[in-house]
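Topology and contacts: notes
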Amino acid sequence: MEHVVKVLPGAFSRPERFRIQMAGITYPDRSYHIVREDSDIYCMEYVIDGKGDVSCDDRRVFPVGGDAYILPPHTAHDYRSSMNQPYKKIWVNMSGLLCDALYREYHLNDSILFAQVPVRPLFQELLELCERNSGSQPQDIERASSLLIHDIFARLAERHIDEQLSSTQNRYAGIIKDMLDRKVEDNITLDDVSREIGISVSQISRIFRHAYGQSAYRYYLMQRMQLARELLNNTGMRIQEIASRLAYADAHYFSTQFRMFTGESPRHYRNQHATD
């Protein structure tokens, strides 16, 4: 079941520049399914609650309540409600050079789904505007609706940038962790990591803590102390040899750092924990 509002073509002075064909609300319906083989419109929708299954050419996403998506023209649109949790959504179909420009300039072509983006009030205001201008004598909808559409595009672009930044930070966090794991015997510093991967020490610290809940330095020291404990437990290496393997300048500094981390000296730890 849908509430559909059709907007008369005469409401837009230059429909080739911008036009809203219709807007509406889709209510939960397990049988809901829309297919457009080669769409000539932008279909922009906000999911109020429930779940959907949305395809645009070879891309497929599963929006949930709070998500928005854009299906651009000259693509195949195929979207439906989830059978278990059919979605309720508010939507608008539109076309024109303005939409093309916004879509292009905000670089939205590499994504169709925008997760948890707060645009419901804008969609609601747009629908109400269309409802007021669906009669035989439409008022000035063109300017107000174009501004709302621009605002929605801008909000989706902001969310898209946030998602890209989060993805980049997660990738860097993995690179940092991998380097610390590989260099556990080398006694490297965050300056060394910075030079290797090309971001600042402050960025390394912020990204790593956000991803793993602890500082990169503490994680690295923890890995080195874990290796030291394993060597003390399972080998006959002298403490000086273990210090040398872990690239410490001398056994005294290694012992001091080991005590700070574990609360006991390497020798005492070995005596208490060494494998028979």
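Preceding this section is the structure that the text describes.
Presented here is an overview of the structure given in this document. Here the structure is a predicted model, which is why all the values come from computation and not from measurement.

A look at the packing of aromatic side chains
Counted by the stated rule, this structure contains 12 aromatic pairs. The interplanar angle of 50 degrees and the centroid separation of 6.3 Å between the aromatic rings of Y32 and Y79 together place this pair among those described as tilted. Here the residue Y32 occupies a position in the loop between strand 2 (19-26) and strand 3 (33-36), and Y79 occupies one in strand 8 (residues 77-81), the gap between them amounting to 47 residues. Taking the relative accessible area as the measure of exposure, Y79 reaches 2% and is therefore buried. The interplanar angle of 50 degrees and the centroid separation of 5.4 Å between the aromatic rings of F208 and Y219 together place this pair among those described as tilted. Here F208, found in helix 5 (residues 201-212), pairs with Y219, found in helix 6 (residues 216-234); they are 11 residues apart in sequence, far enough to count as distant. Given a relative accessible area of 8%, Y219 falls into the buried group. Its end group placed over the ring of Y172, R171 keeps NZ or CZ at 5.1 Å from the ring centre.

Structural notes on the pattern of salt bridges
Side chains carrying opposite charge are able to pair once their charged atoms draw close together. Inspection of the entire model under this criterion finds 12 salt bridges. Note that R245 and E185 form a salt bridge whose closest N and O atoms lie 3.3 Å from each other. Of the two residues, R245 is situated in helix 7 (residues 239-245) and E185 in the loop between helix 3 (142-182) and helix 4 (190-197); the sequence distance between them amounts to 60 residues. Owing to a relative accessible area of 35%, R245 belongs among the partly exposed residues under this scheme. The salt bridge involving D192 is made with R195; its shortest N-O contact spans 2.5 Å. Residue D192 and its partner R195 are located together in helix 4, separated by three residues, close to a single helical turn. D192 sits in the partly exposed class, given a relative accessible area of 25%. Taking the relative accessible area as the measure of exposure, R195 reaches 62% and is therefore exposed.

Quick notes on the side chain of H77
Relative to the helices and strands, H77 is located in strand 8. When its relative accessible area of 1% is taken as the criterion, H77 is described as buried. At a separation of 3.1 Å, a polar atom in the side chain of H77 contacts the side chain of T75.

What about the pairing of strand 8?
Along any regular strand, the residues point their side chains to alternate faces of the sheet. Because side chains alternate across strand 8, one face comprises the buried residues H77, Y79 and S81, and the other comprises D78 and R80, none of which is buried. Taken together, the four bridges between strand 3 and strand 8 define a ladder with antiparallel strand orientation. Following the sheet pairing, R36 is matched in strand 8 by H77. Pairing of strand 5 (residues 52-56) with strand 8 involves five bridges; the strand directions are antiparallel. Across the sheet, residue C56 finds its bridge partner in strand 8, namely H77.

Describing a negative patch on the surface
A surface patch of negative charge is lined by E37, D38, D40, D57 and D58. Summarising the element assignment, D38 is placed in the loop between strand 3 and strand 4 (42-49).

The rules behind the values
- Position numbers for residues count from 1 along each chain, tracking the sequence in the order it is written.
- Two thresholds apply to this predicted model, a pLDDT of at least 70 for residue-level local features and 80 or more for giving and counting side-chain atom pairs, whereas whole-chain, interface and lining totals are computed over all residues.
- Heavy atoms throughout the structure, all of them, feed into the side-chain values; hydrogens and water do not.
- Pairing of aromatic side chains requires ring centres within 6.5 Å, counting the rings of Phe and Tyr and the six-membered ring of Trp. Pairs whose planes differ by under 30 degrees are stacked, by over 60 edge-to-face, and all others tilted.
- Numbering of helices and strands runs from the N terminus; a helix is a DSSP stretch of H or I covering at least four residues, while a strand is a stretch of E covering at least two.
- Three exposure classes are used, based on accessible area relative to the maximum for each residue type with a 1.4 Å probe and protein chains only: buried under 20%, partly exposed in between, and exposed over 50%.
- Criterion for a charge above a ring: Lys NZ or Arg CZ within 6 Å of the ring centre, and within 35 degrees of the ring normal.
- Any Lys or Arg side-chain nitrogen located within 4 Å of an Asp or Glu carboxyl oxygen qualifies as a salt bridge.
- By the criterion applied in these results, polar contacts are pairs of N or O atoms within 3.5 Å in which, for protein atoms, one can donate a hydrogen and the other can accept it, and in which residues neighboring in sequence qualify only through two side-chain atoms.
- When DSSP finds two or more bridges between two strands, those strands count as paired.
- Here, patches come from residues exposed beyond 30% relative accessible area and free of salt bridges, joined within 9 Å for like charges and within 5 Å for nonpolar side chains (Val, Leu, Ile, Met, Phe, Trp, Tyr).
- Calculation of accessible area relied on Shrake-Rupley with a 1.4 Å probe; when residues are assessed, cover is drawn exclusively from the protein chains displayed.
- His is not counted, nor are the chain ends; Lys and Arg add positive charge and Asp and Glu add negative charge.
- The atoms used to mark charge sites are NZ of Lys, CZ of Arg, CG of Asp and CD of Glu.

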